[in-house]
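Descriptive analysis of the structure
Here is how the chains run, residue by residue.
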Amino acid sequence: MQRSQPDYGAETLQIALGIVTYNNQHYQLEQLLSSIALCARELGDKVALKCLVVDNGADSSDLFEHKKYPDFSIQHLTSQGNVGFGAGMNRLMDVAFRELNCHHFICVNPDGVFHRKAILRMLHMQNSFASCLLEAKQFPEEHPKQYDPENFDSPWLSGACLMIPAEIYKSIGGFDDRFFMYMEDVDLSWRARCAGFKTKICTDAYFGHQVLGRDFSARTEKTIFISARALAAKWHEEPFRLWCEEQLTERKLVEKVEAIPALLNNFELPSNAKSVVDFEHYFTFSQARWE
Amino acid sequence: MNGNRISVVIRFHSLAALEQLEQCLFSVCLQNTEDIEIIVVVKNFDQAQKSIVEEVCLGQPWLFAPIVKIVDCNATDDHDTRAEALNVGITSASGRYIAFLDYDDVLYHQCYETLKKLLQESKAILSFGRTRLAVMETIGDKPYVISKKKWFFWGDSRRDLWKGNFIVIHSYMIDKERLPIPLLVDTTFTRLEDYALLLRLSVEGDFAKTEDAVCEYRIPLGHELAEEAFGFDRSSDYEQSHESVIWNMNTDKLATLRESLRVNMSLEQFSELMDELADLKKERKWLKEQLEHSEQVWSKHLEEAELLSFRLLRSGHAAVSKPGLLKETVKTVRTFRKLFKPRNK
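Residues numbered from 1 in each chain as written. Chains lettered and ligands numbered in written order. Predicted model: local features only at pLDDT ≥ 70, side-chain atom pairs only at ≥ 80, totals over all residues. Heavy atoms only, no water.

**Some remarks on the packing of aromatic side chains**
Residue and element names in this part refer to chain A. Going through the model one piece at a time under the given rule, you end up with 31 aromatic pairs over all chains. Centroid distance Phe240 to Trp243: 5.4 Å. Interplanar angle 45 degrees. Geometry classified as tilted. Of this pair, Phe240 and Trp243 are both found in helix 8 (residues 238–250), 3 residues apart, which corresponds to roughly one turn of the helix. For Phe240, a relative accessible area of 0% corresponds to the buried category. A relative accessible area of 11% places Trp243 in the buried class. The interplanar angle of 85 degrees and the centroid separation of 6.1 Å between the aromatic rings of Phe279 and Phe285 together place this pair among those described as edge-to-face. The same class applies to Phe279 as to Phe285, namely buried. An aromatic cluster is built from Trp156, Trp190, Phe225, Trp235, Phe240, Trp243, Phe267, Phe279, Tyr282, Phe283 and Phe285, whose rings are joined through pairwise contacts. Seen from the ring of Trp156, Lys145 lies directly overhead, with NZ or CZ sitting 4.3 Å from the centre. (Phe/Tyr/Trp six-rings, centres within 6.5 Å; stacked < 30°, edge-to-face > 60°. Helix = DSSP H or I, 4+ residues; strand = E, 2+ residues; numbered from the N terminus. Buried < 20%, exposed > 50% of the residue type's maximum accessible area, 1.4 Å probe, protein only. Lys NZ or Arg CZ within 6 Å of the ring centre and 35° of its normal.)

**Some remarks on a negative patch on the surface**
All names here are of chain B. A contiguous patch of negative charge on the surface is contributed by Glu268, Glu272, Asp275, Asp279 and Glu283. Here Asp275 is to be found in helix 9 (residues 267–315). With a relative accessible area of 47%, Asp275 lands in the partly exposed category. (Patch = residues over 30% accessible without salt bridge, like charges linked within 9 Å, V, L, I, M, F, W, Y side chains within 5 Å. Areas by Shrake-Rupley, 256 points an atom, 1.4 Å probe, with all protein chains shown as cover. Salt bridge = Lys/Arg side-chain N within 4 Å of Asp/Glu carboxyl O. Lys, Arg positive; Asp, Glu negative; His and termini not counted. Charge placed at Lys NZ, Arg CZ, Asp CG, Glu CD.)

**Quick word on the packing of helix 6 (residues 193–202) of chain B against helix 8 (residues 242–260) of chain B**
Residues and elements named next belong to chain B. Across the interface, helix 6 lies against helix 8 with an axial gap of 11 Å and an inter-helix angle of 5 degrees. Here helix 8 runs roughly parallel to helix 6, going by the angle between their axes. Across the interface between the two elements, Tyr195, Ala196, Leu199 and Arg200 of helix 6 pack against Leu254, Leu257 and Arg258 of helix 8. In the contact of helix 6 with helix 8, the residues fall into 5 nonpolar, no polar and 2 charged. (Axes fitted to C-alpha atoms, helices over the stretch in contact; angles between N-to-C directions. Parallel < 35°, antiparallel > 145°, perpendicular 65-115°, else oblique. Contact = heavy atoms within 4.5 Å. Nonpolar A, V, L, I, M, F, W, Y, C, P; charged D, E, K, R; others polar.)

**Focus on the domain arrangement of chain A**
Residue and element names in this part refer to chain A. When its domains are assigned, chain A resolves into domain 1 (13–208) and domain 2 (218–284). Look at where the C-alpha atoms of domain 1 and domain 2 centre, and you get two points 25 Å apart. Facing 16 residues of domain 1, the contacting portion of domain 2 comprises 24 residues. Roughly 1,600 Å² is buried in total at the junction of domain 1 and domain 2, and carbon and sulfur atoms are behind 65% of that figure. On the domain 1 side of the interface with domain 2, the three residues burying the most area are Arg178, Trp190 and Cys194, jointly 39% of the side's total. Residues Lys234 and Asp176 are paired through a salt bridge, measuring 2.8 Å at the closest nitrogen-oxygen approach. Its residues assigned to classes, the side of domain 1 that touches domain 2 comprises 9 nonpolar, 1 polar and 6 charged. (Domains from an automatic or database assignment. Buried area = accessible area lost by both parts, 1.4 Å probe.)

**Let's talk about the interface of chain B and chain A**
Taken together, the contact pairs 39 residues of chain B with 39 residues of chain A. Carbon and sulfur atoms make up 54% of the area that chain B and chain A hide from each other, which totals about 3,400 Å². Seen at the junction of chain B and chain A, the total is 6 salt bridges. With a closest N to O distance of 2.7 Å, Arg121 of chain A and Glu19 of chain B form a salt bridge. Run the count over chain B and chain A and you get 13 residue pairs in polar contact (both at pLDDT 80 or more). Of all the elements in the fold, those that place two or more residues in the side of chain B that touches chain A are helix 1 (18–29), helix 2 (47–58), strand 5 (106–107), strand 6 (126–139), strand 7 (142–150), strand 9 (207–220), helix 10 (317–321) and helix 11 (325–339) of chain B. Looking at which element gives the most residues to the side of chain B that touches chain A, the answer is strand 7 of chain B, with 7 residues. Residue composition of the side of chain B that touches chain A, by class: 17 nonpolar, 10 polar and 12 charged. (Polar contact = N/O pair within 3.5 Å; in protein donor to acceptor, adjacent residues only side chain to side chain.)

**Considerations on the pattern of salt bridges**
One pass over the structure, following the stated rule, counts 40 salt bridges over all chains. Between Arg289 of chain A and Glu142 of chain A there is a salt bridge, and its shortest N-O distance comes to 2.7 Å. With Arg289 of chain A in the segment after helix 8 and Glu142 of chain A in the loop between strand 6 (132–139) and strand 7 (161–165), this pair connects stretches of sequence that are 147 residues apart. Residue classification places Arg289 of chain A among the buried positions, given a relative accessible area of 7%. Two residues, Glu177 of chain B and Arg96 of chain B, come together in a salt bridge whose shortest N-O distance is 3.4 Å.

**Quick notes on the side chain of Ser158 of chain A**
Residues and elements named next belong to chain A. With respect to the helices and strands, Ser158 occurs in the loop between strand 6 and strand 7. Judged by its relative accessible area of 8%, Ser158 is buried. Engagement of the side chain of Ser158 in a polar contact is seen with the side chain of Gln138, the distance being 3.2 Å. Polar contacts involving the side chain of Ser158 include one to the main-chain amide nitrogen of Ala160, which spans 3.0 Å. Setting aside anything within four residues of it in sequence, one finds Ser158 in contact with Glu135, Gln138, Lys145 and Asp185.

This is the structure:
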């Protein structure tokens with residue numbers, strides 16, 4: 001179905017795309033940038049895209065210096081080392097919303113690729129609903145979490161390709177940077193829902209991202225469980241925290257529980273948290289449509 | 001014939017399905033294949049319509065620019081051209097490796113890399129991977145995946161293929177250079193043309209396999225497999241439908257093809273096959289005995305397990321120490337119950 005461009009009013013809509021790299025291969029970034037160029041062409045003149053990039057690993061600046069992308073601008077920030085995904089994104093969000101006054105920020109995984117209509121369709125959806133956190137659907141394998149196919153409400157959203165409007169950022173801030181990597185997106189989604197915002201999935205905005213057939217190293221597995229434990233502690237879910245600790249030791253990812261970093265919790269549990277959080281379904285954090 | 005190139009033949013018959021075609025192409029683009037040729041076979045499209053298709057093909061974020069060909073089947077009437085379309089595509093293909101794809105299906109990452117590598121590292125004429133089945137529904141104008149599962153995982157060899165098709169059309173790749181016969185699809189088939197082709201190829205050379213899922217077969221809710229695989233109700237009108245009649249006719253044709261095909265093998269291969277058969281018979285007998293024994297043992301333990309799970313439920317202990325444990329225990333007990341339910345003798 002052909003759809004016209006959304007009405008953004010007289011003002012040019014500013015969208016920042018935040019990319020935190022971590023030793024990504026050049027071809028991955030190159031393909032991501034060419035997909036952004038295709039998106040920019042679909043969006044037309046009334047939308048300005050700006051890529052904000054920071055390296056948590058090896059320096060990727062030579063790619064951005066040599067390749068020219070006339071359809072959007074790129075700002076490469078000086079690396080502060082491997083500060084974690086959430087902290088890296090927060091820095092970029094800060095630039096996007098405080099310095100550049102962007103209307104929206106999109107977290108973009110560096111190993112993903114946009115479908116050319118993805119951003120356009122996300123904007124259509126933002127226009128159709130009140131300000132909401134919005135996820136592009138990962139492709140070809142989407143997350144099995146159960147969402148409402150009629151109003152697109154999803155219990156939580158993945159940070160692989162996530163649109164955050166300025167209004168939501170101003171209200172709840174960015175990621176909790178105590179999560180080094182993983183689960184920070186679940187936490188942000190729950191905080192947004194507790195604050196009264198909707199979390200929706202844009203089901204025809206595709207973001208090419210390989211999720212099947214990936215091998216998880218022991219280090220990655222450890223990071224996942226540590227983040228899950230932090231999530232459970234933050235949201236006062238004692239059984240899940242204990243289970244994560246059990247898994248960390250049983251899988252020999254840590255020698256003893258005491259070796260896991262201490263949990264600093266100064267988060268005041270919102271009164272409506274019970275209706276939002278879901279630890280029943282383990283790492284799906286919602287009912288799953290398939291295993 | 002280009003020795004490194006993969007030619008992908010995509011069947012596409014209506015611009016109304018352009019959105020699906022674009023998804024399909026996006027999945028091809030994500031393969032990041034260095035030398036790839038996209039051949040979209042259309043049916044009686046005019047130049048403007050072909051240009052739209054070409055624009056969608058080229059408008060993907062390709063890492064390596066593909067060769068794009070839009071070719072027409074030029075059917076003179078409205079007959080089904082699914083088999084002809086494959087032949088038109090095959091004729092236009094310049095690559096050594098050839099793969100097929102329908103506009104409404106998608107590939108997983110690294111599908112082509114895996115299949116090509118399998119061919120290069122073996123002497124096989126065809127390599128294949130596993131397929132996941134996705135049952136879809138359109139709600140409003142948006143696609144919704146109701147469920148997915150591994151489905152075509154049961155077959156392993158060419159011999160399994162002779163019993164039934166488990167190699168979906170977009171889950172394999174053919175090495176044209178190794179084929180002892182011309183690659184040609186039998187156009188008398190108006191359904192099951194892909195299976196007929198596989199059966200003919202299966203008697204010509206070895207197949208190589210990966211257990212990895214390489215693609216997704218997307219079906220609507222009313223499809224027969226949605227009922228078979230997921231238990232969704234199928235329209236009761238199907239048995240009387242035109243489609244059902246055509247399907248049955250093609251199934252009969254397939255039986256004739258099976259009758260006509262001959263397997264050529266050496267005495268050594270034949271002897272190996274006989275040994276394998278004898279082993280299988282022994283294994284089957286052993287399994288039957290084990291199953292009977294298990295039934296006796298489990299019926300004894302089942303009650304104890306159930307009692308334990310309900311005690312845990314009552315005490316609430318399991319739910320506190322391990323979330324989901326209780327649910328898992330009950331699920332396991334139910335599974336055992338189902339598995340070892342005494343069968344009617």
